[in-house]
Amino acid sequence: MPLTYRDKIRAVDGVRSVSHATWFGGTYQNPKNFFAQFAIDPATYLPLYPEFLFKEDERRAFLRDRKGAIIGRKLANTYGLKVGDSLPLRGTAFPGNWEFTVRAIYDGAKANTDTSQMLFHWQYLNETMKTRAQGRTDQVGVFLVDIYDAHRAAEISRAIDALFVNSLAETFTETEKSFHLSFVAMADALIMAIRLVSFVVIVIILAVVANTMAMTARERLAEYATLKTLGFGPGFVSALVFGESLVVAAAGGLAGVALTFPVARLFAAQTGTLFAIFEVSAGTVAIQVGCAVLVGLGAAFLPARRAVNVRIVDGLRAIG
């Protein structure tokens, strides 16, 4: 989109400020070493992301150096980069070899802050393209619009898009959350495959636990018959079976929950910057606990039914 759109967007009622970013798409050392890189206007872009935490001297060094770059902590750890290191990239969307110097490393204010990005000066990109491809100058990838009232997001989005209807570069304005979800949707096939595998694993675990409980109930028919002889009702016998099954399932479930966190950290380390944010949420843990409980209840249903329905004579016949 033309850079001139910025002033028109800023004039829309309800807009506080406008910045822009351009996807660069370079690779580092090896074509497999790919991570998010954006050319930005530091003066307007960085204030929109207060969750990016910098050292003030590093921020100033970045602002002074036209070839300077800001990288996230996860990106720095993945490739062993530190402030002052050279960061050469081979461009894809913008062909050629590009030289950058790491001037700042940012941390996230929250655990879910994306620290796998690289940010650099849009002016450096634009001035270089003037010597390589004049027709691609003064162009940006996306505009970032800060508004006064979040409740007016839909209204302001429509007003912005109306400005550029039937132009050579029409706009599509959406919230930042919707923008990010559109990228997540691209991974739907992978997510669906993981879910299917998870369901298969749960069914297998259910079968294993159910078989274990069935064998246990068969071996204890005499004990259940004895309990009935002593006056214990079907509810008590059923509670014994369900209780034992839930204990077994809970033990496995708690072990799984405990192992989830180190396995997730290992997976995140192995995938590098492929997943910008990879953390185990409270919702995931709740699902794990819920599945363990369901497995325990499901596995105990048939054995409990058999224990409740066993006749005292048949159960005591197995003694000796």
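As a convention, each chain's residues are numbered from 1 in the sequence order in which they are written. It should be noted that, the model being predicted, local features are given only for residues of pLDDT at least 70 and side-chain atom pairs only at 80 or more, the latter also being counted only at that level, while totals for whole chains, interfaces and linings use all residues. Note that water and hydrogens are dropped before the side-chain values are worked out from all heavy atoms of the structure.

## What to know about the overall build of the chain
Thinking step 1. Helix and strand counts for the chain come out as 12 helices and eight strands.
Thinking step 2. Computation of the radius of gyration draws on C-alpha atoms alone. For the globule rule, the value is 2.2 Å times the number of residues to the power 0.38. Relative to the compact-globule value of 20 Å for 320 residues, the chain shows a C-alpha radius of gyration of 30 Å, a clear excess of over 25%.
Thinking step 3. Considering only C-alpha atoms, the chain reaches an extent of 95 × 45 × 35 Å along its principal axes.
Thinking step 4. Exposed residues in this analysis have more than 50% of their type's maximum accessible area, buried residues have under 20%, and partly exposed residues fall in between, with area computed by a 1.4 Å probe over protein chains only. Put simply, the chain has 320 residues, and 36% of those count as buried. Only runs of H or I of at least four residues qualify as helices and only runs of E of at least two qualify as strands under DSSP, and these elements are numbered from the N terminus.

## A short note on the packing of helix 9 (residues 221-229) against helix 11 (residues 282-309)
Helices that pack against each other are described as a pair by the angle of their axes relative to one another and the distance between those axes.
Thinking step 1. The N-to-C vectors of helix 9 and helix 11 enclose an angle of 50 degrees; their axes lie 9 Å apart at closest approach. Considered as vectors, helix 9 and helix 11 are oriented oblique to each other. Along this stretch, helix 9 crosses helix 11, giving a crossing that reads as right-handed. Taking contact as the criterion, the partners of Leu 221, Tyr 224 and Lys 228 in helix 9 are, on helix 11, Arg 306, Ala 307, Val 308 and Asn 309.
Thinking step 2. Each residue gets one label: Ala, Val, Leu, Ile, Met, Phe, Trp, Tyr, Cys and Pro are nonpolar, Asp, Glu, Lys and Arg are charged, and the others, such as Gly, are polar. Of the residues contributing to the contact of helix 9 with helix 11, the split by class is four nonpolar, one polar and two charged. Every axis in this analysis is a line fitted to C-alpha atoms, fitted for helices over the stretch in contact. Angles between the N-to-C directions lie between 0 and 180 degrees. Convention used here: angles under 35 degrees read as roughly parallel, angles over 145 as roughly antiparallel, angles from 65 to 115 as roughly perpendicular, and any remaining angle as oblique. Take the far helix as the reference: if the near one is turned anticlockwise from it by less than a right angle, the crossing is left-handed, and if turned clockwise, right-handed. Contacts: residue pairs with any heavy atoms within 4.5 Å of one another.

## Points about the pairing of strand 5 (residues 86-91)
Thinking step 1. Alternating positions in strand 5 separate cleanly, Leu 87, Leu 89 and Gly 91 being buried on one face and Ser 86, Pro 88 and Arg 90 remaining unburied on the opposite face.
Thinking step 2. From the end of strand 5 to the start of strand 6 (residues 96-108), which pair antiparallel, there are four residues. Whether two strands pair comes down to DSSP finding at least two bridges between them.

## Comments concerning the pattern of salt bridges
Thinking step 1. One side-chain nitrogen of Lys or Arg within 4 Å of one carboxyl oxygen of Asp or Glu is enough to make a salt bridge. For the structure on display, the rule yields 10 salt bridges.
Thinking step 2. Note that Glu 56 and Arg 60 form a salt bridge whose closest N and O atoms lie 4.0 Å from each other. Taken as a pair, Glu 56 and Arg 60 lie in helix 3 (residues 56-64) at a separation of four residues, close to a single helical turn.
Thinking step 3. When its relative accessible area of 42% is taken as the criterion, Arg 60 is described as partly exposed.

## Side note on the packing of aromatic side chains
Each aromatic ring pair is described using two quantities: the centre-to-centre distance and the angle formed by the ring planes.
Thinking step 1. When two rings of Phe, Tyr or Trp (its six-membered ring) have centres within 6.5 Å they constitute a pair, described as stacked for plane angles under 30 degrees, edge-to-face for angles over 60, and tilted for the intermediate range. In the structure shown here, the tally under the stated rule is 17 aromatic pairs.
Thinking step 2. Here Phe 24 and Phe 94 contribute two aromatic rings whose centre-to-centre distance is 5.9 Å and whose plane-to-plane angle is 5 degrees, an arrangement assigned as stacked. Note that Phe 24 is positioned in the loop between strand 1 (15-23) and strand 2 (36-40) and Phe 94 in the loop between strand 5 and strand 6, a separation of 70 residues in sequence. Side by side, Phe 24 and Phe 94 carry an identical accessibility label, which is buried.
Thinking step 3. A connected cluster of aromatic rings, assembled from ring pairs, spans Phe 24, Phe 94, Trp 98, Phe 100, Phe 120 and Tyr 124.
Thinking step 4. Only Lys NZ and Arg CZ are tested; either one counts as a charge over a ring when it is within 6 Å of the ring centre and within 35 degrees of the ring normal. Here the guanidinium or amino end of Arg 132 rests over the ring plane of Trp 98, the centre of that ring lying 4.5 Å away.

## Brief notes about a nonpolar patch on the surface
Thinking step 1. Taken together, the side chains of Leu 230, Phe 232, Phe 236 and Leu 240 make up a nonpolar region of the molecular surface, amounting to roughly 380 Å² of accessible area.
Thinking step 2. For Leu 240, the position within the fold is in helix 10 (residues 234-271).
Thinking step 3. Judged by its relative accessible area of 37%, Leu 240 falls in the partly exposed class. Two distance rules govern patches: like charges are joined within 9 Å, and nonpolar side chains (Val, Leu, Ile, Met, Phe, Trp, Tyr) within 5 Å, applied only to residues with over 30% relative accessible area and no salt bridge. Each accessible area is a Shrake-Rupley result for a 1.4 Å probe, and residues are judged covered by the shown protein chains and nothing else.

## Examining unusual backbone geometry
Thinking step 1. One non-glycine residue, Gln 29, lies in the positive phi region at around 65 degrees.
Thinking step 2. Take Gln 29: it is sitting in the loop between strand 1 and strand 2.
Thinking step 3. The exposed category is assigned to Gln 29, whose relative accessible area is 66%.
Thinking step 4. Phi angles above zero are rare outside glycine, and Asn 166 is one such case at about 70 degrees.
Thinking step 5. Counting through the fold element by element, Asn 166 comes out in the loop between helix 6 (153-163) and helix 7 (176-185).

## Details of the side chain of Glu 58
Thinking step 1. With respect to the helices, strands and loops of the structure, Glu 58 is situated in helix 3.
Thinking step 2. We note that Glu 58 is buried and unpaired, the nearest opposite charge coming from Lys 55 at a distance of 4.4 Å.
Thinking step 3. Sequence-distant contacts of Glu 58, defined by excluding residues within four places in its chain, comprise Val 83, Arg 103, Ala 104 and Ile 105. By the counting rule applied here, Lys and Arg register as positive and Asp and Glu as negative, while His and the ends of each chain are not counted.

In short, shape yes, function no, at least from these values alone.
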